[in-house]
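# Close look at the chain arrangement
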Amino acid sequence: MVGYDPEARCVSTVEAAAAGSASGLVTRVLVSPLDVLKIRFQLQIEQLSSRNPGAKYHGILQAVQRIFQEEGLVAFWKGHVPAQFLSVGYGAVQFMAFESLTKLVHNVTSYNARDSFVHFVCGGLAACTATVAVQPVDTLRTRFAAQGEPKIYHNLRHAVVTMYQTEGPRTFYRGLTPTIVAIFPYAGFQFSFYNILQQFSEWVLPAEGKNGGNMKNLVCGSCAGIISKTLTYPCDVFKKRLQVGGFEQARAAFGQVRTYRGLLDCMRQILREEGPGGFFKGLSPSLLKAAVSTGLVFFWYELFCSMLCALKSTDSTPRKEG
């Protein structure tokens, strides 16, 4: 159901937005701890190794234990409120734009709307649209997930007012350039590989039927998430580093801090001080998160769309009989 299909279309653009919002909401609750781990790893200047005495975090298990001991269980859902706004808004805009774009391709071009290349382009454009719409919330989410104790921001309203007064309105769009650069291929690969894997699974298991459809969606989405995240990961690191610019005071408890003048300066400093491996800090929890979140997003989106179709079918049956 992902993408326009003239032969099996029963979900409107608005309903696609609703399904995208719902899938984002449910998924965010489940993957928030992985997101916090990923952000903490990405922002750490010191090498992620137990051999480095200055490093606060060494690996996933050690980081989980330390965060739990120092900040408690709720720390794994730091920034959850802005993150939920992010997920709900992003899911709605992305899937609504994707469905509209694939429908437009079908109506005004000679390309097949189910083609993987079409899904790559439309998926990338849909994600860019959603990213611009929710970037301020993404910056807030990163600030909340990154701050230690004592907290700089007490709540969402306090964060918005403080950031606006001390750093100006442009601070809400910090890291937008690397985000746009990364999100187009990342989302494009997600949608295209999901489409490819779905077609491949239908070729390998043609008689699977509807019984295993939900599990197939979950597996295909997870694999698509792993592939796309690996290919585009460095830009995510650049984005996170830029988003916490001007936030050095709250980062002091986690180790060294750096100030970057822009995307190119950020890339140069990371390469010079941390080596090529610095571009892939936090990759392990990020891949785990990408597998879980992408799989769940597609799983829930397909499931909610199926439920909407079933409700429509149920509502139309009595009318036909009458």
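Look up a bit, the structure's there.
Residues numbered from 1 in each chain as written. Predicted model: local features only at pLDDT ≥ 70, side-chain atom pairs only at ≥ 80, totals over all residues. Heavy atoms only, no water.

### Comments concerning the overall build of the protein chain
When helices and strands are tallied, the protein chain shows ten helices and zero strands. Along its sequence from the N terminus, the protein chain presents helices and strands in the succession α-α-α-α-α-α-α-α-α-α. Against the 2.2 N^0.38 benchmark of 20 Å for 322 residues, the protein chain shows a C-alpha radius of gyration of 21 Å, consistent with a compact globule. Buried residues in the protein chain amount to 50% of all 322 residues. The contacts in the protein chain between residues at least 6 apart in sequence include a share of 79% that link residues at least 24 apart. (Helix = DSSP H or I, 4+ residues; strand = E, 2+ residues; numbered from the N terminus. Rg over C-alpha atoms; globule rule 2.2 N^0.38 Å. Buried < 20%, exposed > 50% of the residue type's maximum accessible area, 1.4 Å probe, protein only. Contact = heavy atoms within 4.5 Å.)

### Observations regarding the pattern of salt bridges
Pairing between side chains becomes possible if they bear opposite charge and their charged atoms approach one another. One pass over the structure, following the stated rule, counts 17 salt bridges. Among the ionic pairs, Glu70 bridges to Lys56, the shortest N-O distance being 3.0 Å. Of this pair, Glu70 sits in helix H2 (residues 60-71) while Lys56 sits in the loop between helix H1 (13-43) and H2, placing them 14 residues apart in sequence. In this structure, Lys78 and Glu71 form a salt bridge, with 2.6 Å as the shortest nitrogen-oxygen distance. The class of Lys78 is buried, set by a relative accessible area of 10%. Each of the salt bridges in this network shares a partner with another, and the network as a whole consists of Arg28, Asp35, Lys38, Asp138, Lys229, Asp236, Lys239 and Lys289. (Salt bridge = Lys/Arg side-chain N within 4 Å of Asp/Glu carboxyl O.)

### Digging into the packing of helix H6 (residues 176-204) against helix H7 (residues 213-243)
As a packed pair, H6 and H7 sit with axes 8 Å apart at the nearest point and diverge in direction by 170°. Comparing the axis directions of H6 and H7 gives the class roughly antiparallel. In the packing of H6 onto H7, the handedness of the crossing is right-handed. Looking at the contact of H6 with H7 residue by residue, the classes come out as 17 nonpolar, nine polar and four charged. (Axes fitted to C-alpha atoms, helices over the stretch in contact; angles between N-to-C directions. Parallel < 35°, antiparallel > 145°, perpendicular 65-115°, else oblique. Left-handed = near helix turned anticlockwise from the far one by under 90°. Nonpolar A, V, L, I, M, F, W, Y, C, P; charged D, E, K, R; others polar.)

### A few points about the side chain of Thr102
By the secondary structure assignment, Thr102 is in helix H3 (residues 80-108). Looking at Thr102, its side chain comes within polar contact range of the main-chain oxygen of Phe98, at 2.9 Å. (Polar contact = N/O pair within 3.5 Å; in protein donor to acceptor, adjacent residues only side chain to side chain.)

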